[in-house]
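Chain residues, written in single-letter form:
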Amino acid sequence: MKKYLSFFRLRFVMGLQYRVAALAGIVTQFVWGAMEIMMFCAFYQTDSAAFPMTLSATSSYIWLQQAFLAFFIAWMMESEIFDSIVNGNIAYELCRPVSIYNMWFARSIANRLSRAVLRCFPILLVAVFIPEPYGIAAPASLLHFVLFLITLILGLMVMVSLCMLIYVLTFFTVSPQGLRILFNSTVEFFSGALIPLPFFPEKVQRIMELLPFASTQNVALRIYSGSMSRNEMEKAIVLQVSWLAVITLIGKGLCQAAEKRVTVQGG
């Protein structure tokens, strides 16, 4: 465990050094969040009662989404890992007395966490002072806030476990580009990154909520705003834990199979 904590710490400290990139990201995410809220406002002005979430809840969802973008964005994967698999440098990783899957998982968690730490607080601080219903509202209750923090971490782990599948599947392909494009598009649509899942037709929403992608940002952001009932929250958390366990087991199994058949060419 100490070895993986060391990988986590090194990657986390390294990620904190990119302050200029974080500043650019803060400005971009704040402008993008404001544009999204303005777009939703145009729809709410026609008939606010026709939407499944209030404008205040939707605004909170968007600001939290932007604040914790580094947790859940699909394309934030490490090029170093893909390059090491494609060019053969993975041989050096295989020589280490560590589990490749656990090492990459710890690195990925630290990478996303460090970027979120640099960006989330300024965005949340500004969003708090924006008047309702355009800013971020307080959580529905203390219980909702506690569950939000728990599901936020679970969502991060589910997202990383999904990314780990893409890393591992790269062992079985010539190029990872096709996998990455398909993965990015699928996650963006089915996780609620483009449109919150409650805005989809009810039958479609029920199916989407059962998929692993909905167990990333969808659960935490909706719990915070109070747009989920107690029964829905319980089911969502159970699904998060279940998908995390299933995807991790599949990823580790594929990784072990890949390690046995990997061939590194060269002299």
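Here the structure is a predicted model, which is why all the values come from computation and not from measurement.

Engineer: Tell me about the overall build of the protein chain, residues and numbers included.
Structural biologist: Scanning the protein chain for helices and strands turns up 12 helices and 0 strands. Reading the secondary structure of the protein chain in the N-to-C direction produces α-α-α-α-α-α-α-α-α-α-α-α. C-alpha extents for the protein chain along the principal axes are approximately 65 × 40 × 35 Å. When the 267 residues of the protein chain are sorted by exposure, 48% land in the buried category. Look at the contacts in the protein chain between residues 6 or more apart in sequence, and 82% of them connect residues 24 or more apart.

Engineer: Which residues make up the nonpolar core, and what values do they have?
Structural biologist: One finds Leu64, Phe68, Trp104, Phe148, Tyr167 and Phe183 to be the most contacted residues of the largest nonpolar core, which totals 72 residues. The residues touching Trp104, leaving out its near neighbours within four places in the chain, are Ile81, Ser84, Ile85, Ile90, Met164, Tyr167 and Phe171.

Engineer: How would you explain the environment of Gln205 if you had to name every residue and give the values?
Structural biologist: Within the element layout of this structure, Gln205 appears in helix 10 (residues 202-210). Taking relative accessible area as the criterion, Gln205 reaches 14% and is therefore assigned buried. When neighbours within four sequence positions are excluded, Gln205 is seen to be in contact with Leu197, Pro198, Phe200 and Arg222.

Engineer: Explain the layout of surface pockets to me, using residue names and the numbers behind them.
Structural biologist: Looking at the largest pocket, its volume works out to about 380 Å³. Together, 16 residues line the largest pocket, and Gln205, Arg206, Glu209, Glu232 and Lys235 are the ones closest to its centre. Counting only elements with at least two residues in the lining of the largest pocket, the list comes to helix 10, helix 11 (217-225) and helix 12 (230-261). Across the lining of the largest pocket, the residue classes tally to 6 nonpolar, 4 polar and 6 charged.

Engineer: I'd like to hear about the packing of aromatic side chains, residue by residue, with values.
Structural biologist: For the coordinates displayed, the defined rule picks out 16 aromatic pairs. Measuring from ring centre to ring centre gives 5.4 Å for Phe40 and Phe199, while their planes differ by 55°; the resulting arrangement is tilted. Of this pair, Phe40 sits in helix 2 (residues 19-44) while Phe199 sits in the loop between helix 9 (177-190) and helix 10, placing them 159 residues apart in sequence. Classification of Phe40 as buried rests on a relative accessible area of 7%. Judged by relative accessible area, which is 22%, Phe199 ranks as partly exposed. Within the aromatic cluster, the residues linked to one another by ring pairs are Phe68, Phe71, Phe72, Phe145, Phe148 and Tyr224.

Engineer: Mind laying out the environment of Phe121, listing which residues take part and the relevant values?
Structural biologist: By the secondary structure assignment, Phe121 is in helix 7 (residues 100-128). Measuring from C-alpha to C-alpha, the distance between Phe121 and Ala57 comes to 19 Å, with 64 residues separating the pair along the chain.

Engineer: Before we move on, can you summarise the packing of helix 8 (residues 142-169) against helix 9 with the specific residues and values?
Structural biologist: At a minimum axis distance of 10 Å, the contact between helix 8 and helix 9 shows a crossing angle of 160°. On the basis of their axis angle, the class for helix 8 and helix 9 is roughly antiparallel. Read as a crossing pair, helix 8 and helix 9 show a hand that is right-handed. Contacts between helix 8 and helix 9 involve Met159, Leu162, Cys163, Ile166 and Leu169 from the former and Leu179, Arg180, Phe183 and Val187 from the latter. For the contact of helix 8 with helix 9, the per-class residue count stands at 8 nonpolar, no polar and 1 charged.

Engineer: With reference to specific residues and values, describe unusual backbone geometry.
Structural biologist: Residue Pro133 follows Glu132 across a cis peptide bond; omega there is 5°. Inspection of the secondary structure assignment puts Pro133 in the loop between helix 7 and helix 8.

Engineer: Describe the confidence of the model for the protein chain, listing the residues and the values that go with them.
Structural biologist: Counting all residues, the mean pLDDT for the protein chain is 87, and 97% of those residues have values of 70 or more. The secondary-structure element of the protein chain with the lowest mean pLDDT is helix 6 (residues 90-94), recorded at 75, while helix 8 shows the highest, at 93.

Engineer: Describe the pattern of salt bridges, and please don't skip the residues or the numbers.
Structural biologist: Enumeration over the complete set of coordinates arrives at 5 salt bridges. The salt bridge partner of Glu202 is Arg206, with a shortest N-O separation of 2.6 Å. Of this pair, Glu202 and Arg206 both sit in helix 10, 4 residues apart, which is roughly one turn of that helix. Note on Arg206: relative accessible area 52%, which makes it exposed. When the shortest N-O distance is used, the salt bridge between Glu234 and Arg230 registers 3.8 Å. Linking Glu234 with Arg230, this pair stays in helix 12, spanning 4 residues, or about one helical turn. Glu234 gets classed as partly exposed once you look at its relative accessible area, which sits at 44%. On the basis of relative accessibility, which here comes to 57%, the residue Arg230 falls in the exposed class. A single salt-bridge network, built from bridges that share partners, covers Glu78, Glu80 and Arg107.

Calculation criteria
- Residues numbered from 1 in each chain as written.
- Predicted model: local features only at pLDDT ≥ 70, side-chain atom pairs only at ≥ 80, totals over all residues.
- Heavy atoms only, no water.
- Helix = DSSP H or I, 4+ residues; strand = E, 2+ residues; numbered from the N terminus.
- Buried < 20%, exposed > 50% of the residue type's maximum accessible area, 1.4 Å probe, protein only.
- Contact = heavy atoms within 4.5 Å.
- Core = buried A, V, L, I, M, F, W, Y, C linked by side-chain atoms within 4.5 Å.
- 1 Å grid on protein atoms, 1.4 Å probe; cavity = no way out; pocket = protein on both sides within 12 Å on 5 of 7 lines; lining within 4 Å.
- Points joined across faces, edges and corners; volume = space filled by probe spheres on them.
- Nonpolar A, V, L, I, M, F, W, Y, C, P; charged D, E, K, R; others polar.
- Phe/Tyr/Trp six-rings, centres within 6.5 Å; stacked < 30°, edge-to-face > 60°.
- Axes fitted to C-alpha atoms, helices over the stretch in contact; angles between N-to-C directions.
- Parallel < 35°, antiparallel > 145°, perpendicular 65-115°, else oblique.
- Left-handed = near helix turned anticlockwise from the far one by under 90°.
- pLDDT = per-residue confidence, 0-100.
- Salt bridge = Lys/Arg side-chain N within 4 Å of Asp/Glu carboxyl O.

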